[in-house]
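Next come the chains, spelled out residue by residue.
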Amino acid sequence: MTESPEGARAPEGSAVKTVGKVLDLLEHLAAAGRPVSISELASMTGFNISTAHRLMQTLARRSYVEQDRSTRAYSLGSRLLELGSAYSGSLDLVGAARPRLEELRDRAGETVHLAILRERDVVEICTAAGRQAVTVTRGTGRRDPAHCTATGKVLLAALPPPDLDRFFSLGPLPALTPRNITDPAELTAELVRVREAGYAVDEEELCDDVCCVGVPVRDRARRVVAALSLAMPKARFRSEKVANWVGMLSDASAQISRGISLSGGG
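Residues numbered from 1 in each chain as written. Predicted model: local features only at pLDDT ≥ 70, side-chain atom pairs only at ≥ 80, totals over all residues. Heavy atoms only, no water.

(A) Highlighting the packing of helix 2 (residues 38-45) against helix 3 (residues 49-61). Between helix 2 and helix 3, the least distance of the axes is 9 Å, while the angle of their chain directions is 110 degrees. On the basis of the axis angle, helix 2 is roughly perpendicular to helix 3. Considering the relative orientation of helix 2 and helix 3, their crossing is right-handed. Facing helix 2, whose interface residues are Ile-38, Ser-39, Leu-41 and Ala-42, helix 3 presents Ile-49, Ala-52, His-53 and Met-56. (Axes fitted to C-alpha atoms, helices over the stretch in contact; angles between N-to-C directions. Helix = DSSP H or I, 4+ residues; strand = E, 2+ residues; numbered from the N terminus. Parallel < 35°, antiparallel > 145°, perpendicular 65-115°, else oblique. Left-handed = near helix turned anticlockwise from the far one by under 90°. Contact = heavy atoms within 4.5 Å.)

This is how it looks when you write it as structure tokens:
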């Protein structure tokens, strides 16, 4: 297909159909429980062979499927195992974290968020909502740009340089409020400060009237696997309280880390 001079993309409906076809292929391959030829896959899914072949080759390049060189049959690939392991790890993390989030919520009196990094976003995987009349709750499953949040800055600060370079290579950083850091050099300097201090602060960077303080959560190998934050309305945020909040967050983070270690057998 030839793109327009402006680089117009295929209609959204076409992209959704393509995703559906990819999922159909993977699900049929999983149900078969054995290597499957491209002609059989096409028959099982109702796709023509050329479409099935094109999609399977794309999946093979990303290691979601593997193709036997001699038989040319396809089987599920290692990337799916990695994703499954990551999902299992997230469940262990949430299980270890949930009681600690509730304890921290009761201790600090504010909403507590646990988030992980996915591409350029942070994804909230567990929440303990504050019980005050006015509180901040974003909601489990919500995605937000990492550079706009305390949890995101903590997680970005832990990335190896090649991964951080890739983060910046994906395009300009959006400005959600006037207080966002969108310049790569300025954000890099901020991440150095976050790494050295061990915490990050978001003062109305994600949205107006909301402030957060975040710290890293580490696994038993001391790798940063998540970030923990306290979120509050701007009216209750005080700079002189940050050190106290960081102390409470760090205590909870250490307990979560110990919980991960126990659940992982390490």
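(B) View of the sheet that holds strand 5 (residues 143-145). Strand order in the open sheet formed by 6 strands is 5-4-3-8-7-6, and the pairing between neighbours is antiparallel. Either end of the sheet is taken by a strand with one partner, and the two such strands are strand 5 and strand 6 (200-203). Along the sheet, successive strands turn relative to each other by an average axial angle of 30 degrees, direction set aside. As defined by bridge partners, strand 7 (residues 210-218) adjoins strand 8 (residues 224-233) across 9 bridges and the pair is classed as antiparallel. Following the sheet pairing, Cys-211 is matched in strand 8 by Met-232. Lying on the sheet, helix 5 (residues 150-157) is in contact with strand 3 (111-118), strand 4 (121-128), strand 6, strand 7 and strand 8; it crosses strand 8 at an angle near 155 degrees. (Pairing = 2+ DSSP bridges.)

(C) Spotlight on the pairing of strand 6. As paired strands, strand 6 and strand 7 are joined by 4 bridges and run antiparallel to one another. Each bridged residue has a counterpart across the sheet, and for Val-201 the counterpart in strand 7 is Val-213. Here strand 6 folds back onto strand 7, and the loop between the two strands holds 6 residues, one of which, Glu-204, carries a positive phi near 55 degrees.

(D) Just the environment of Arg-118, in detail. Within the fold, Arg-118 resides in strand 3. Taking relative accessible area as the criterion, Arg-118 reaches 37% and is therefore assigned partly exposed. Each C-alpha atom of the pair Arg-118 and Asp-144 lies 9.9 Å from the other, and the pair is 26 residues apart in sequence. (Buried < 20%, exposed > 50% of the residue type's maximum accessible area, 1.4 Å probe, protein only.)

(E) Quick look at the pattern of salt bridges. The tally for this structure, following the rule as stated, stands at 14 salt bridges. Where Arg-107 meets Asp-251, a salt bridge forms, and the shortest distance between an N and an O atom there is 3.5 Å. Here Arg-107, found in helix 4 (residues 78-108), pairs with Asp-251, found in helix 8 (residues 242-263); they are 144 residues apart in sequence, far enough to count as distant. For Arg-107, a relative accessible area of 51% gives the class exposed. Looking at Asp-251, the relative accessible area reads 38%, which means it is partly exposed. Linking Arg-142 and Asp-144 is a salt bridge whose minimum nitrogen-to-oxygen distance equals 3.0 Å. On the basis of relative accessibility, which here comes to 35%, the residue Arg-142 falls in the partly exposed class. (Salt bridge = Lys/Arg side-chain N within 4 Å of Asp/Glu carboxyl O.)

(F) Summary view of helix 2. When helix 2 is considered as a whole, its buried residues turn out to be Ile-38, Leu-41, Ala-42 and Thr-45. Considered in projection along helix 2, the buried side chains sweep an arc of 100 degrees and stay on one side of the axis. One or two residues past the end of helix 2 sits Gly-46, with phi positive at roughly 85 degrees. (Arc of directions from axis to C-beta.)

(G) Fine view of the nonpolar core. Residues Leu-93, Leu-101, Leu-104, Leu-114 and Leu-228 are the most contacted members of the largest nonpolar core, which totals 32 residues. Of all the elements in the fold, those that place two or more residues in this core are helix 4, strand 3, strand 4, strand 7, strand 8 and helix 8. A total of 8 residues in this core trace back to one element, the largest contributor, which is helix 8. In contact with Leu-101, not counting residues within four places along its chain, are Val-112, His-113, Leu-114, Cys-126, Thr-127, Ala-128, Leu-228 and Ile-256. Ranked by size, the runner-up nonpolar core spans 22 residues in total, among them Val-154, Leu-155, Leu-164 and Cys-212. (Core = buried A, V, L, I, M, F, W, Y, C linked by side-chain atoms within 4.5 Å.)

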